Amino acid sequence: MIEQVKSTCCYCGVGCGLLIETENERIVGVRGDPAHPANAGRLCTKGASLHLTTRPEYRLLHPELRLSRELPRQRVAWDEALDHAAERFAEIIATHGPDSVAFYISGQLLSEDYYVFNKLAKGLIGTNNVDTNSRLCMSSAVAGYKQTLGADAPPCCYEDIAATDCLLIAGANPAVAHPIVFRRIEDARAANPDLRIIVVDPRRSETAAIADLHLPLKPGTDIALYNGLLHVLLAEELVDRNYIAAHTEGFAALEQTVAAFPPAVVAEICALAEAEIIQAARWFGKSAAALSLYCQGLNQSSHGTHNNAALIHLHLATGQIGRPGAGPFSLTGQPNAMGGREVGGLANLLSAHRDLANPEHRAEVARLWGLPSVPAQPGKAAVELFAALKRGEIKAVWIACTNPAQSLPDQSEVRAALEAADFVVLQEAFANTDTAAYADLMLPATTWGEKEGTVTNSERCITHLTPAVARPGEARPDWEIVVDFAHRLGARLGQPLTAQLFPYASPEAIFNEHRESTRGRDLDITGLSYALLDSSGPQQWPFPEGASSGRQRLYADGVFPTPSGRARFVAVEHLPTAESTDERYPISLLSGRLRDQWHGMSRTGTVARLFNLDDEPLLSMHPADLRQRGLAGGDVVRVGNARGQVHVRVKPDAGLVRGRAWLPMHWGSQFMNSAGVNALTLSAYDPFSQQPELKHAAVAVEQAELPWQLVVLRKAGSGELAAPTLLAKARSLLADFAFASVGLYGRSEALVVFRAAHGEALPESRLREIDALFGLDADAAAAIVYADPRRQISKRALAPDGKLIGIRLAGETQAQSWLKEVMAAEAEENDDADAASTALDPALIRWAVAPIGKRPGKLPQRNRIVCNCGDISEAQIKADLESGATLAVLQEKRKCGTFCGSCLPVLRQMVASQTQRTTTELLA
């Protein structure tokens, strides 16, 4: 019997509600929750595939410990694992002091997990060295809100998207990074054709494609642009002087600053057209309601705080805040980055938005926790934390639910820091991440679908999650691991208040303590409880005791949480990127997200269909930049600077301005033979938020002299041929090549794809070893072999019973693309009645080793996927339509068009075409 449990998605900060379908203690499906306010039933491709990420083969299921770096980790019992950790931490603290240890945690933890980590470090141990990967995505948004509005409190809600007349999207690509928000944008445009959409982005992104005005500014010139827009608003008297006088302070100084930013000057700085700057300002200033959405493009900058402030200034100067359709709305990058900030999960924060630097705030937290004091010494933020680890100032680090060996900038330095550490603990759900290679102790944690606690999304909406299935193996909830460790450490430190500090028997007890810490604060949630969230659904804060509902929008009364009650203008000046291009490194490298992958792919990288749109990291460049370097799409290039290098293939993208390139952030050492884009980024960070400049680096791009190429395509099976095992085998080859990547492809059955390039051909003996690794040496009678030693070409295909299950192409690989599609289609024959027609007929199998870049003429085109969320193919939809199905029937039977909605235009077109054919047949 299939049962349903309410939950939320564990990807971006939209906080979409889910209905998890379970059967026999297994998660078998997910659906969008129609009752959840964030998504009203919609899901993106990642969220709709969550049930496919629950395979135990990829999970860390028991503690592992190594007593020496030269030894492999061995399975140990929980008591031995935590006793060892407590002894090591106690010894280091006793010898070197509390600040010699640190905790680096994650925006994917639940608020209750965050709270006990914060209390462990700042309460029990006495160090503020607890930071989070939210430092990498949201800390500049936090600092920008605090500098201008007084508190880390996004003033808007998702419903404002439907209510606005002018939507300014800056440094964000919601079409890819926040797809459900983008669906709201599309709905708003359909309901209001007069809606003006302005997109500020150095490249023509998927979101920019729908803009009325795209401003492809030069990277790092955001402040100049917003100062220029404010200059126009002032010159054309489009500011609200009454609002400025009544509700703000500091405007006179800012007015003097922006006087130096007329449109002509800004156009030169930003590499934009002067007329477009004026047009953007007029649309914003003349609209009845102006809303801005922004994210990492503003945040991940060495002046990210002031990027945020400069944009917020536009709202304060025009009074566009605190009412429907108006305000500055930062889009959160992780599912619970907001919740982590609420409980003090950053090195400069304390619980309930208290500032560590404020003595009164420290005293309040000490009283709440029953301690004489909490430490005043500032903690190390992410970049500096790992720098201190390398220096030896920090000796031990406890990492939870994050992957710094991929996500932090300047990876050579980060990995050197992890090597230098005396002791590294990794608390993680997935067994294979880049950071796992450096862990002395690994602790298995529960993950999505297995945990209880709360999360807060981008619009301040809190949802209570309950587990859908039992925890697998020996995995334990994060909060429980921390509390158990705290008791053991407290005993070794002789801390008599340990039991008082950590009395929790359930996550609800932690929530109740956190709730009390918010009393009277800007995020007061004393009116909330698990019971109320279960009965009434998700709620926005503030929700004080006695309230009947939360507050959709903040600052409607013009009163702000600053000492004066007024919002503040900040004198912000244009600053360039931390690193400028020059003759040696002439390309501005940008980075960002893809639609179907998430962070370092520890979760999404286990699902074959999430690779179908983008199955390898490709460097996008303007066609003219490629021609200048003698490059064509598909060529392998070396992208490098003084910090490192990566080898990737290139593709042309006319949406990029010349001199700029773009590389996705998701691929690291588990999927390619380098640390990925963060091998190239620099550790310069914003002085206010300590957020590093992950969005820009200066690089050189040149053709790699790697003429010999290798491709292996292998259908996954069971046992030694199971996808996790094949991936592990492919990963063992990555370091052998200058260029190499591995991934998955297909639908319900995975196809493992390995690509490599080398300066010279491998000997035949080495190719036979690779064949054996992928099981391509079996069943010689089913093998098709082609060899041309003179041209250093060697190919081998395995096709038992006329079905192609694996192929290795060496020296000549033109057929890889169409073979990949054919093999993926063959794997779906049982699920798709039309798949057989796209499979490789036995008579055509010989073409598998032929040097042709296009599929043989007799072979039909691939049966494309129309609904990526539901994994519904064109053939399935056509068959249903020919049987008389309507759009409503398709949505009910196949669920296509009911997730994110992006396939609805294609579905409607297919329905209309089938109706037209039926009518024609009847008339005939």
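Residues numbered from 1 in each chain as written. Predicted model: local features only at pLDDT ≥ 70, side-chain atom pairs only at ≥ 80, totals over all residues. Heavy atoms only, no water.

1. Remarks on the packing of aromatic side chains
Taken as a whole, this structure holds 18 aromatic pairs when the rule is applied. Among the aromatic residues, ring-to-ring pairing joins Phe 89, Phe 103, Phe 117, Trp 398, Phe 423 and Phe 485 into one connected group. Arg 31 extends its terminal NZ or CZ atom over the ring of Phe 899, reaching a point 5.4 Å from the ring centre. The ring centre of Tyr 745 lies 4.4 Å from the NZ or CZ of Lys 820, which sits over that ring. (Phe/Tyr/Trp six-rings, centres within 6.5 Å; stacked < 30°, edge-to-face > 60°. Lys NZ or Arg CZ within 6 Å of the ring centre and 35° of its normal.)

2. Topic: helix α17 (residues 382-391)
Among all positions of α17, only Ala 382, Val 383, Leu 385, Phe 386, Ala 388 and Leu 389 are buried. Those residues of α17 hidden inside the fold are in contact with β6 (101-105), β7 (130-132), β16 (396-400), α18 (404-407) and α19 (411-420). (Buried < 20%, exposed > 50% of the residue type's maximum accessible area, 1.4 Å probe, protein only. Helix = DSSP H or I, 4+ residues; strand = E, 2+ residues; numbered from the N terminus. Contact = heavy atoms within 4.5 Å.)

3. A short note on the layout of surface pockets
When its volume is computed, the largest pocket comes out at roughly 920 Å³. Taken together, 48 residues make up the lining of the largest pocket; nearest its centre are Glu 206, Arg 595, Leu 613, Asp 614 and Lys 651. Elements supplying a minimum of two residues to the lining of the largest pocket: α6 (174-177), α7 (179-191), β24 (618-621), β26 (644-652), β27 (660-664), α27 (816-826) and β35 (865-867). Across the lining of the largest pocket, the residue classes tally to 20 nonpolar, 11 polar and 17 charged. Of the pockets and cavities examined, the second largest pocket occupies roughly 770 Å³. What lines the second largest pocket is a set of 36 residues, among which Arg 26, His 51, Leu 52, Thr 54 and Arg 55 lie closest to the centre. Sorting elements by how many residues they give to the lining of the second largest pocket places strand β3 (residues 26-32) first, with 3 residues. (1 Å grid on protein atoms, 1.4 Å probe; cavity = no way out; pocket = protein on both sides within 12 Å on 5 of 7 lines; lining within 4 Å. Points joined across faces, edges and corners; volume = space filled by probe spheres on them. Nonpolar A, V, L, I, M, F, W, Y, C, P; charged D, E, K, R; others polar.)

4. Regarding the environment of Phe 688
Tracing the backbone shows Phe 688 in the loop between β27 and β28 (697-703). Separated by 385 residues in sequence, Phe 688 and His 303 have C-alpha atoms that sit 8.3 Å apart. With residues near it in sequence (within four places) discarded, Phe 688 still touches Gln 147, Thr 305 and His 306.

5. Some points on the packing of α17 against α19
In contact at an axis separation of 7 Å, α17 and α19 are set at 50 degrees when each is read in the N-to-C sense. Judged on the interaxial angle alone, α19 and α17 are oblique. Between α17 and α19 the crossing geometry is left-handed. Each of Phe 386, Leu 389 and Lys 390 in α17 lies in contact with α19, whose residues at this interface are Glu 413, Val 414, Ala 416, Ala 417, Leu 418 and Ala 420. (Axes fitted to C-alpha atoms, helices over the stretch in contact; angles between N-to-C directions. Parallel < 35°, antiparallel > 145°, perpendicular 65-115°, else oblique. Left-handed = near helix turned anticlockwise from the far one by under 90°.)

6. Brief notes about the pairing of β6
The buried fraction of β6 is high, at 5 of 5 residues. Of the two faces of β6, the one carrying Val 101, Phe 103 and Ile 105 and the one carrying Ala 102 and Tyr 104 are both buried. With 3 bridges connecting them, β6 and β7 associate as parallel partners. What sits directly across from Tyr 104, in β7, is Asp 131. Once you follow β6 into helix α3 (residues 111-125) and on to β7, the crossover reads as right-handed. (Pairing = 2+ DSSP bridges. Right-handed = clockwise from strand over helix to strand, strands pointing away.)

7. A short note on the packing of α3 against helix α20 (residues 478-493)
Running from N to C, α3 and α20 point in directions that differ by 15 degrees, and their axes come no closer than 8 Å. Judged by the angle between their axes, α3 and α20 are roughly parallel. Crossing geometry of α3 relative to α20 is assigned as left-handed. When α3 is examined against α20, the residues Glu 112, Asp 113, Val 116, Phe 117, Leu 120, Leu 124 and Ile 125 are found in contact with a partner set consisting of Asp 478, Trp 479, Val 482, Val 483, Phe 485, Ala 486, Leu 489 and Gly 490. Split into classes, the residues belonging to the contact of α3 with α20 amount to 11 nonpolar, 1 polar and 3 charged.

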